Amino acid sequence: MPVQAGGGVAAPIPFIDLATQRQRLGRRIDEAILRVVDHGGFIMGPEVRQLEADLGAFCGARHVVSCASGTDALALVLMARGVRAGDAVLCPSFTFASTAEVVAWVGATPVFVDVDGETFNMDPESLNAAMDTAARAGLTPVAVIAVDLFGQPANYEALEAICGRHGVWLLADAAQSFGATCGQRRVGTIGTATSTSFFPAKPLGCYGDGGAVFTDDDELAAVLRSLRVHGQGTDKYDNVRIGINGRLDTIQAAVLIEKLKIFPDEIAARQQVAARYSAALADVAAVPKVLEGASSVWAQYTLRVPGGRRDALAARLKAEAIPTAVYYPKPLHRQTAYRNFPVAGGDLPVSDRLAAEVISLPMHPYLAPDVQDRIIESVRRSLAPV
Ligand SMILES: *Cc1c(COP(=O)(O)O)cnc(C)c1O
């Protein structure tokens, strides 16, 4: 077991803490799962419809289409909108692979956009450049996928203006930001559609894979519901379009119904943890910036440590039983499968720099102040040795 500087043995700190959440919920999740096992409606059972209604009430979206993962949620929207070969979909490079992967799935071309160095989200100026890059590559820009990285909504006001000028539609990849707000709007009500993920480590996670699409567009919602089940029509043996098997399991819906009840309280707890980190660390590292009028659900709490000191900090914390993570060590435009796709203006300097500077600290709603103090003290000792 790792030994602390003072000679005492340090208990390992979890990076996220799902065990404490389960304890808090007592038998409620276990009983919800057992109810599904008893009624046997494993596929599209009553809990799926209940969850969709609950999620809609929570975020204000007119339609909620649950599905098998955050990746399927993104793909279903591109399929429903008929994105195809020759189309360009503009998305950040500093994100999880799914954001660009789905664009290639439908035969279109991802064009990578740079991000803002302080918010980690899509840089509007680089988006403008990407429109030119796409056109010069002989592609038709049809859509933008903005990512709400680490839990904060992208700068939608600026991005929407650019989308409007270029006549392209906007998909919000809210896999990390469900529950956050952007001005008066809640995540789930922004863009033509919003996708999210219920992967266990996301702010609202289930006990496996899951996702959802949110939209106010009646027609789009109907197509999404059809695509989710093999493109079925009103007669279920007459498939009217090519779809996928993309349903959310009833058991996962049952888990999420229980977790959604405590989600507002968990978001508030995450925001407290983040505020405490920022107050204590702003003088030794670059702390994350939240845009005026926006809120984050803090899927990650991510510092920037320049000057090549990031890896030393990670090693030092690891030796003190404090886990950290690097999201993302390699932007997509540097990865083997994605390196041949166009890049806005030929170069994404901020994405490259962030890949070398970012480090995420333990973040979850149940991070006790004394445990957080231990993390803060270790970071401070490493970055500003006295
Ligand atoms: C997690 C994540 C996804 C994919 O979600 P899955 O449910 O794992 O398929 C997509 N985009 C971003 C930004 C993510 O963080």
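Residues numbered from 1 in each chain as written. Predicted model: local features only at pLDDT ≥ 70, side-chain atom pairs only at ≥ 80, totals over all residues. Heavy atoms only, no water.

(A) Geometry of the overall build of the protein chain. Of regular secondary structure, the protein chain possesses twelve helices and twelve strands. Taken over the C-alpha trace, the protein chain has a radius of gyration of 21 Å; the compact-globule value for 386 residues is 21 Å, and the two agree within 12%. Taking the principal axes of the C-alpha coordinates as reference, the protein chain spans close to 70 × 60 × 40 Å. Within the span of the protein chain, comprising 386 residues, buried residues form 54% of the whole. Summarising the internal contacts of the protein chain: among those between residues at least 6 apart in sequence, 73% fall at separations of at least 24. Looking at the protein chain as shown, the accessible area adds up to about 15900 Å², and 52% of this sits on carbon and sulfur atoms. Distance between charge centroids for the protein chain: 3 Å, based on 36 positive and 41 negative side chains. (Helix = DSSP H or I, 4+ residues; strand = E, 2+ residues; numbered from the N terminus. Rg over C-alpha atoms; globule rule 2.2 N^0.38 Å. Buried < 20%, exposed > 50% of the residue type's maximum accessible area, 1.4 Å probe, protein only. Contact = heavy atoms within 4.5 Å. Areas by Shrake-Rupley, 256 points an atom, 1.4 Å probe, with all protein chains shown as cover. Lys, Arg positive; Asp, Glu negative; His and termini not counted. Charge placed at Lys NZ, Arg CZ, Asp CG, Glu CD.)

(B) Inspection of the pattern of salt bridges at higher detail. Under the defined criterion, the tally for this structure stands at 17 salt bridges. A single salt-bridge network, built from bridges that share partners, covers Arg22, Arg27 and Asp30. (Salt bridge = Lys/Arg side-chain N within 4 Å of Asp/Glu carboxyl O.)

(C) Looking closely at the packing of aromatic side chains. The final tally for this structure, using the stated rule, is eleven aromatic pairs. On the basis of an interplanar angle of 40° and a centroid distance of 5.4 Å, the ring pair of Phe58 and Phe178 is categorised as tilted. Of this pair, Phe58 sits in helix α3 (residues 46–59) while Phe178 sits in the loop between β5 (169–173) and β6 (181–182), and the two are 120 residues apart along the sequence. Note on accessibility: Phe58 and Phe178 belong to one class, buried. With a centroid separation of 6.2 Å and an interplanar angle of 45°, the aromatic rings of Tyr338 and Phe341 are classed as tilted. Relative accessible area serves as the criterion here: at 24%, Phe341 is assigned to the partly exposed category. Clustering of aromatic rings is evident, with ring pairs tying together Phe58, Phe178, Phe214 and Phe263. (Phe/Tyr/Trp six-rings, centres within 6.5 Å; stacked < 30°, edge-to-face > 60°.)

(D) Spatial organisation of the layout of surface pockets. The calculated volume of the largest pocket comes to roughly 420 Å³. Lining the largest pocket are 23 residues, with Phe96, Gln176, Ser197, Phe199 and Lys202 sitting closest to its centre. Counting only elements with at least two residues in the lining of the largest pocket, the list comes to α4 (70–80) and α5 (98–105). (1 Å grid on protein atoms, 1.4 Å probe; cavity = no way out; pocket = protein on both sides within 12 Å on 5 of 7 lines; lining within 4 Å. Points joined across faces, edges and corners; volume = space filled by probe spheres on them.)

(E) Structural context of the confidence of the model for the protein chain. Averaged over all residues, the pLDDT of the protein chain is 96; the fraction at 70 or higher stands at 97%. Between residues 1–7, whose pLDDT stays under 50, and residues either more than four places distant or in other chains, the model counts eleven contacts. (pLDDT = per-residue confidence, 0-100.)

(F) Geometry of the packing of helix α1 (residues 18–25) against helix α9 (residues 250–281). Close contact between α1 and α9 brings their axes to 11 Å; oriented N to C, the two are set at 110°. When the interaxial angle is binned, α1 and α9 end up roughly perpendicular. Crossing hand, α1 versus α9: right-handed. Counting all contacts with α1, which are made through Leu18, Gln21, Arg24 and Leu25, the residues of α9 involved are Glu258, Lys259, Ile262, Asp265 and Glu266. For the contact of α1 with α9, a count of residues per class yields three nonpolar, one polar and five charged. (Axes fitted to C-alpha atoms, helices over the stretch in contact; angles between N-to-C directions. Parallel < 35°, antiparallel > 145°, perpendicular 65-115°, else oblique. Left-handed = near helix turned anticlockwise from the far one by under 90°. Nonpolar A, V, L, I, M, F, W, Y, C, P; charged D, E, K, R; others polar.)

(G) Up close: empty space enclosed by the protein. Following the criterion strictly, the structure yields two cavities of 30 Å³ or more and no others. By volume, the largest cavity amounts to about 110 Å³. The set of elements that each furnish at least two residues to the lining of the largest cavity consists of α1 and α9. Sorting elements by how many residues they give to the lining of the largest cavity places α9 first, with three residues. When grouped by side-chain class, the residues that make up the lining of the largest cavity number eight nonpolar, three polar and five charged. Computed from the structure, the second largest cavity encloses a volume of approximately 80 Å³.

(H) Just the side chain of His63, in detail. Assignment of secondary structure puts His63 in strand β1 (residues 63–67). Within the structure, His63 has its side chain in polar contact with the side chain of Asp218 (distance 2.7 Å). (Polar contact = N/O pair within 3.5 Å; in protein donor to acceptor, adjacent residues only side chain to side chain.)

(I) Quick look at the environment of Asp216. Examined against the element boundaries, Asp216 turns out to sit in the loop between β9 (211–215) and α8 (218–228). Relative accessible area serves as the criterion here: at 43%, Asp216 is assigned to the partly exposed category. Spatially, the C-alpha atom of Asp216 lies 9.3 Å from that of Gly60, the residues being 156 residues apart in sequence. Residues in contact with Asp216, not counting those within four places in the same chain, are Gly60, Ala61, Arg62 and His63. A distance of 2.9 Å separates a polar atom in the side chain of Asp216 from the backbone nitrogen of Arg62.

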